[in-house]
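# Per-entry structural report
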Amino acid sequence: MLNRITQADVQALREIVGDPWIAVKPEIHPDYTHDEMTHYGCYEPEVVLQPASTDEVSRIMAYASAHQLPVTARGAGTGLCGGCVAIHGGIVLSLMRMNRILEIDENTLTCTLQPGVLLMEIIAAAAEHNLLYAPDPGEKSASVGGNVMTNAGGMRAVQYGVTRDYVRGLEVVLADGTVMRLGGKTAKNSSGYSLKDLMVGSEGTLGIVTEIVMKLLPRPRRMTSLLIPFDTLKQALQLVPKIMRLPSVATTIEFMEKEVIQDAQEYLGKDFPNRDYNAYLIVSYSGNAEAQMQAMLDDCANLALAEGARDVFISDTEERQSSIWDARGAFLEAIKNSTTEMDECDVVVGIDQVAEFCQFARDLSEQQQIRIRSFGHAGDGNLHLYVLKDDLEESLWQKKVTYCMDALYEKAAQMKGQVSGEHGIGHAKTGYLKQSLQPAQIELMRKIKLAFDPQGILNPGKVIGDLESQ
């Protein structure tokens, strides 16, 4: 059973982190009560702690374990599933003070950093050494620790993979305060069970990451994008599996519709390069030799035109690249800005099923008379769909959003897809996860949780829900 925080607890925790780095209810800033999706509710922690070191995190966890206090680790708070909010009160452990890049090792092509480093910071630091941090989640102000805990994907996953593929090593504090190092700088490891990979994507339910070793890559000399317009989204998406069969692997394949582009234009106050058509693909290639790059672009452009594209626009200057990718990066905030409230679906289906799923969402939108906006990673089948409240009355909104979300996840299950591709489960999607997996899988996850956290104090209520209710 989880306990509430007492004055004695507050004093003991204050002695660990120091007086400036503790906030106690009711003086806690409202930002700590939610992530980017306030639709999932606001939950006030009893205490917010900002440790500065692994030792402080270890001492906090040892104390929390001894007194059965719930602890929710938190990074930049940019999540979309309520994964970093304290739904059972207790301690929110903010890791944003631990924000140093400790080393960039050009010999092993690795970067060692603390979890509070922002994604934009590791990208910039790698670039200074002519190296590439390959994962490219859309929210550049997210913390790398949060990316690791949700196994964030992003727009370059087609060629480079997701965050998990770049985590070489982790320093982790377990529920009882034990500090453990998993993996390291070595490129290969077949030494027993991969506890490191189990930790990645666990959303802070198995341990708290305090140091990360990430793999870097040589930075390609060139990256060029093609903007490919179509009359219909179905035409655009049916081209994707054919692009995937070309000799050269695309770095990104993104899809978008005209309505989302219009939202982004209004939000940013700047024009998209071309907005005359109903649907678009953005296809990017990376390389070094000019002749190699030209061949990749020609192959894709010729295929697209043969398959019904209305044109192919090349973005080979910084200004053109910026105009496209600034808009793409703003889609979520633009959609959010266009409505009063929204819910989000982050499903994954086969790349040959994306067109069918998007048509299902469009039909559902018309049937329910509610706006549903979609965009996503066509090259890996990860779709982001947003059901928007607009001016609907509250009770009708709750009825419609529940119906739509249930229908979208049920359709994904019928397609043998997955509940989440990169945003995680948090507390908002636990029901959908349980519906999508076999009971034996959920039970195995429960046993793993018990092995790492027998008291259930680490981020309780997340991913598979509360241990006490199972």
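Residues numbered from 1 in each chain as written. Predicted model: local features only at pLDDT ≥ 70, side-chain atom pairs only at ≥ 80, totals over all residues. Heavy atoms only, no water.

On to the overall build of the protein. When its secondary structure is counted, the protein shows 15 helices and 18 strands. Reported as C-alpha extents along the three principal axes, the dimensions of the protein are approximately 70 × 60 × 45 Å. Taking all 470 residues of the protein together, 55% fall into the buried category. In the protein, 73% of the contacts between residues at least 6 apart in sequence involve partners at least 24 apart. About 20,000 Å² of surface is accessible on the protein, with carbon and sulfur atoms providing 48% of the total. Averaged over its 43 positive side-chain charges, the protein has a centre that lies 3 Å from the centre of its 62 negative ones. (Helix = DSSP H or I, 4+ residues; strand = E, 2+ residues; numbered from the N terminus. Buried < 20%, exposed > 50% of the residue type's maximum accessible area, 1.4 Å probe, protein only. Contact = heavy atoms within 4.5 Å. Areas by Shrake-Rupley, 256 points an atom, 1.4 Å probe, with all protein chains shown as cover. Lys, Arg positive; Asp, Glu negative; His and termini not counted. Charge placed at Lys NZ, Arg CZ, Asp CG, Glu CD.)

What follows concerns the sheet that holds strand β5 (residues 101–105). Consider a sheet: its strands pair through backbone hydrogen bonds, and that pairing is either parallel or antiparallel. With respect to topology, five strands assemble into an open sheet ordered β5-β6-β10-β8-β9, the strand pairing being antiparallel. Only two strands of the sheet have a single partner each, and these edge strands are β5 and β9 (179–183). Averaged over all adjacent pairs, the angle separating strand axes in this sheet is 15°, with direction ignored. Across six bridges, strand β8 (residues 167–173) lies against strand β10 (residues 208–215) in antiparallel orientation. Looking at β10, one finds that V173 is bridged to I208. Contacts from helix α2 (residues 54–67) reach β8, β9 and β10 within the one sheet, and its direction differs from that of β8 by about 50°. (Pairing = 2+ DSSP bridges. Axes fitted to C-alpha atoms, helices over the stretch in contact; angles between N-to-C directions.)

Let's shift gears to helix α8 (residues 258–268). Those residues of α8 not exposed but buried are V260, I261, D263, A264 and Q265. Elements that come into contact with the buried residues of α8 comprise β13 (252–257), β14 (279–287), α10 (318–329), α11 (331–337) and β17 (372–377). G269 sits one or two residues past α8 and shows a positive phi near 70°.

Right, let's get into a nonpolar patch on the surface. The grouping of Y193, L195 and L198 at the surface amounts to a nonpolar patch, some 340 Å² of accessible area in total. The topology assignment puts Y193 in the loop between β9 and α6 (195–199). (Patch = residues over 30% accessible without salt bridge, like charges linked within 9 Å, V, L, I, M, F, W, Y side chains within 5 Å. Salt bridge = Lys/Arg side-chain N within 4 Å of Asp/Glu carboxyl O.)

In this section: the nonpolar core. With 59 residues, the main nonpolar core has I228, I243, L281 and Y285 as its most contacted residues. Counting residues per element, this core draws most heavily on helix α13 (residues 394–414), which supplies eight residues. Core analysis: the next-biggest nonpolar cluster, separate from the first, contains 30 residues, L113, L119, I122 and Y160 among them. (Core = buried A, V, L, I, M, F, W, Y, C linked by side-chain atoms within 4.5 Å.)

A separate point is the sheet that holds strand β4 (residues 91–94). Read across the sheet, four strands follow the order β1-β2-β4-β3 without closing on themselves; strand pairing throughout is mixed. The outermost strands of the open sheet, each flanked by one partner alone, are β1 (22–24) and β3 (71–74). On average, each strand axis in the sheet is tilted by 20° relative to the strand beside it, whichever way the strands run. In the sheet, β3 pairs with β4 via four bridges, with the strands oriented parallel. Looking at β4, one finds that A73 is bridged to L93. Its contacts with the sheet put helix α1 (residues 7–17) on β1, β2 (47–49) and β4, and the angle it makes with β1 is roughly 160°.

With that out of the way, let us pick up the environment of S284. Looking at the secondary structure, you find S284 in strand β14. S284 sits 32 residues away from T252 along the chain, and the two C-alpha atoms are 5.1 Å apart. The residues touching S284, leaving out its near neighbours within four places in the chain, are M223, T224, S225, A250, T251, T252 and W325.

We now examine the pairing of strand β16 (residues 342–345). Taking every second residue as pointing to the same face, both faces of β16 are buried, with M342 and E344 on one and D343 and C345 on the other. Pairing geometry for β16 and strand β18 (residues 382–388), over four bridges, is antiparallel. Looking across to β18, one finds that E344 is bridged to Y386.

Just distances and angles here, no functional claims.
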